[in-house]
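The chain contents come next:
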Amino acid sequence: MPRRIVIGIRGVGHRVIDSIWRLGYASRFFLLTLLKSGTSLRRFGLVIRELYFTGVLSLIIILVSGLFVGMVLGLQGYETLQKYGAESAVGTLVALSLVRELGPVVAALLFASRAGSAITAEIGLMKATEQLAAMEMMAVDPIARVVAPRFWAGVISMPFLAALFSTIGVFGGYLVAVVVIGVDEGSFWSQMQNAVDFRYDIVNGIIKTCVFGVAVTAIAVFEGYDASPTAEGVSGATTRTVVTSSLAILGLDFVLTSFMFRGMS
Amino acid sequence: MTPEALVEIKGLNFSYGERSILKGINMTMLRGKVIAIMGGSGSGKTTLLRLIGGAVTPSSGYVKIAGKVVHELKRDDLFRMRRKMSMLFQFGALFTDLSVFDNVAFQMREHTDLPEPMIRDLVLMKLQAVGLRGAHDLMPAQLSGGMARRVALARSIALDPVLIMYDEPFTGLDPISLSVIGNLIRRLTDALGMTSLVVTHDVQESLKIVDYVYFISEGVIAAHGTPAEVRGSVAPFVHQFVHGEEDGPVSFHYPAEAYASDLKLETGFA
């Protein structure tokens, strides 16, 4: 059926063009957000208010997850390392896994589902209930007043959340390996201290969290602003935020890791 | 342009793509008056408000406010003009994350450098005008529909605009709130010397308070006149609309093929 094939090809073409158009639109929106950030920086109170919602309210899930991830790492690490008689290296394993990879990535994934989805839903609902249109009619730019403060709050809180995640994770590893299993405390900490390099491990981890913070929050504010103003539109946008930012985090993590750690020892 | 006209609309056309929404609208709105724009759902009333507010650009024709063509203004000038006008949205569109007080204070804080004690006095005065001074520390979620609409009204008069547009201000209100809102629109317009433009399909309530009515049907002005003229009108559309008759120029049935042939009934079978 040649007609069906033509329709099929046309459909594919439409989808590709739409996605590229949307990508371009999202990039322009991102630049616009940066350009209109002046108000947020001048009136920092706006950002601080959002820091509470995105940062402080994400603390519980970040801390609890961090603790459990660290505890599992301690347990699994001990299981494997003790076969080679290297159980005192469990501190190194826990710290490096957390600081380099799990801290930034898992914290960002949690952040996307906790704070990113909330930002999208809030902005989407503001749009659906004509609050953004009302603001525009009051001669107040919604990108400057609503989008930019949420964006900066997300970008600022992400590195702190990831740092807390790693810290409490290391503590979780300590609890399991040293307090419960009985690995020597001195070697646990001293091996960790020897192996973890500030520039190579910690700074690279921080760079990752900053990149993830920008990606997740930019996706969240864009999806909220772009949501169609209906209940289905907002719920769809919230789902897209979580899916897109999770994929973006994992993809970006691979790219960043391949630039930062290329098997040098 | 007569000296008192605040809004002047000439030959206004607007279409979404192929679909023509407004076709050659002419209107003049005098200062200090309450003007109603009526018409069925989907007749282009809300689009007209968006055109006056400069949210969309007409295909041809123009909207002039105080002598300035709206769609030719630069963004900064448009924003400057919007500070002198305001809009009451259908369901109020209060900012859900701000209290009643902060909602009314919003524009004062965004656009002026007034000291906080003065903002407090002004906000309480605006809330007093709509009878909700006592509700100033409630959140929008705690308000009834009518109260939310009144807070939104207080917010829209925050900076003493010269023009207020109301998008379906009576929708979904009980009879008491309905007449409260209606009377507030009239009283505030007179007290503040504003011009009010009410888009509505609530005929009875709005005929009580307005000075002049325009009927829009299918993108053209079907009729216009004072409430007394409208009530006495014999024009078929106006008569149908004002008296809420089911059939008339606006047909009850959506255009369709002949009923019998749609049901596959051949003549002679029945």
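Residues numbered from 1 in each chain as written. Chains lettered and ligands numbered in written order. Predicted model: local features only at pLDDT ≥ 70, side-chain atom pairs only at ≥ 80, totals over all residues.

### Quick word on the overall build of chain B
- Helices and strands together make up the secondary structure of chain B, namely ten helices and ten strands.
- Seen through its C-alpha atoms, chain B measures out along the principal axes to roughly 85 × 40 × 35 Å.
- Taking all 270 residues of chain B together, the buried fraction comes to 37%.
- Long-range contacts, defined as pairs at least 24 residues apart, comprise 63% of the intrachain contacts of chain B with a sequence gap of at least 6. (Helix = DSSP H or I, 4+ residues; strand = E, 2+ residues; numbered from the N terminus. Buried ≥ 20, exposed ≤ 12 C-beta atoms within 10 Å, placed from the backbone. Contact = placed C-beta atoms within 7 Å.)

### What to know about the overall build of chain A
- Scanning chain A from N- to C-terminus turns up ten helices and zero strands.
- In sequence order, the secondary structure elements of chain A are arranged as α-α-α-α-α-α-α-α-α-α.
- The C-alpha extent of chain A, read off along each of the three principal axes, is 65 × 60 × 30 Å.
- Within chain A, the fraction of its 265 residues that count as buried is 44%.
- Sequence-distant contacts in chain A: of pairs separated by 6 or more residues, those separated by 24 or more amount to 86%.

### With respect to the interface of chain A and chain B
- Counting residues at the interface gives nine residues for chain A, matched by 13 residues for chain B.
- Its residues assigned to classes, the side of chain A that touches chain B comprises six nonpolar, two polar and one charged. (Nonpolar A, V, L, I, M, F, W, Y, C, P; charged D, E, K, R; others polar.)

### What about unusual backbone geometry?
All names here are of chain B.
- Located in the positive-phi region is Ala93, a residue other than glycine, with phi close to 50°.
- Mapped onto the elements of the fold, Ala93 is located in the loop between strand S6 (85-88) and helix H3 (100-111).
- What makes Ala93 buried here is the crowd of 25 C-beta atoms within 10 Å.
- At Asp160, a residue that is not glycine, the phi angle is positive and equals roughly 45°.
- Position of Asp160 relative to the elements: it lies in the loop between helix H5 (145-156) and strand S7 (163-167).

### Digging into the pairing of strand S10 (residues 220-225) of chain B
Residue and element names in this part refer to chain B.
- As defined by bridge partners, strand S9 (residues 212-217) adjoins S10 across five bridges and the pair is classed as antiparallel. Along S10, the bridge assignment pairs Ile216 with Ile221.
- Between S9 and S10, which pair antiparallel in sequence order, lie two residues; one of them, Glu218, sits at a positive phi of approximately 50°. (Pairing = 2+ DSSP bridges.)

### Section: the environment of B:Leu173
Residues and elements named next belong to chain B.
- On the secondary structure map, Leu173 appears in the loop between S7 and helix H6 (175-192).
- On the basis of neighbour counts, which here come to 19 C-beta atoms within 10 Å, the residue Leu173 falls in the partly exposed class.
- In this structure Leu173 touches Gly145, Gly146, Arg149, Leu178 and Ile181, once residues within four positions along its chain are discounted.

### Observations regarding the sheet that holds S7(B)
All names here are of chain B.
- A sheet is described by the order of its strands in space; here six strands give the open sequence S6-S7-S8-S3-S9-S10, paired in mixed fashion. This sheet does not close on itself; its edge strands, each paired only once, are S6 and S10. On average, each strand axis in the sheet is tilted by 20° relative to the strand beside it, whichever way the strands run.
- Two elements, strand S3 (residues 34-38) and S9, share four bridges in a ladder whose sense is parallel. Residue Ala36 lies in a different strand from S9, and its bridge partner there is Val213.
- Packed on one face of the sheet, H5 meets S6 and S7 and runs near 175° to S6. (Axes fitted to C-alpha atoms, helices over the stretch in contact; angles between N-to-C directions.)

### A look at the environment of B:Glu257
- As for its position among the elements, B:Glu257 is in the loop between helix H9 (236-243) and helix H10 (259-262).
- For the pair B:Glu257 and B:Met81, spaced 176 residues apart in sequence, the C-alpha to C-alpha distance is 49 Å.

### Considerations on the confidence of the model for chain B
- Chain-level statistics for chain B give a pLDDT mean of 84 and a share of 97% at 70 or above.
- What the predictor reports for the complex is a pTM of 0.84 with an ipTM of 0.77. (pLDDT = per-residue confidence, 0-100.)

### Let's talk about the sheet that holds strand S1 (residues 5-16) of chain B
Residue and element names in this part refer to chain B.
- With antiparallel pairing, four strands are arranged side by side in an open sheet as S2-S1-S4-S5. Edge positions in the sheet fall to strand S2 (19-30) and strand S5 (68-69), since each has one partner strand and no second.
- Bridge count between S1 and strand S4 (residues 60-65): five bridges; the pairing is antiparallel. For Val7, the partnering residue across the bridge sits in S4 and is Ile65.

### Notes on the packing of helix H4 (residues 59-81) of chain A against helix H7 (residues 142-181) of chain A
Residue and element names in this part refer to chain A.
- The interhelical angle for the contact between H4 and H7, taken along N-to-C directions, is 40°, at an axis separation of 6 Å. Between H4 and H7, the angle is such that the two are oblique. The two elements H4 and H7 cross, and the hand of that crossing is right-handed.
- Of the residues contributing to the contact of H4 with H7, the split by class is 19 nonpolar, six polar and no charged. (Parallel < 35°, antiparallel > 145°, perpendicular 65-115°, else oblique. Left-handed = near helix turned anticlockwise from the far one by under 90°.)

### A few points about the packing of H3(B) against H5(B)
Residue and element names in this part refer to chain B.
- Between H3 and H5, the least distance of the axes is 8 Å, while the angle of their chain directions is 30°. For the element pair H3 / H5, the angle class is roughly parallel. Note on packing geometry: the crossing formed by H3 with H5 is right-handed. Taking contact as the criterion, the partners of Val100, Asn103, Val104 and Phe106 in H3 are, on H5, Val151, Ala154 and Arg155.
- Residue composition of the contact of H3 with H5, by class: five nonpolar, one polar and one charged.

### Regarding the pairing of S7(B)
Residue and element names in this part refer to chain B.
- Within S7, five of the five residues are buried, which leaves it mostly tucked inside the rest of the structure.
- Neither face of S7 is exposed, since Leu163, Met165 and Asp167 on one face and Ile164 and Tyr166 on the opposite face are all buried.
- Strand direction decides the pairing type here: S6 and S7, joined by four bridges, are parallel. Across the sheet, the residue bridging to Leu88 is Tyr166, located in S7.
- With five bridges connecting them, S7 and strand S8 (residues 195-200) associate as parallel partners. When the bridges of S8 are listed, Met165 appears paired with Leu197.
- Following the backbone out of S7, through H6 and into the adjacent parallel S8, one traces a crossover that is right-handed. (Right-handed = clockwise from strand over helix to strand, strands pointing away.)

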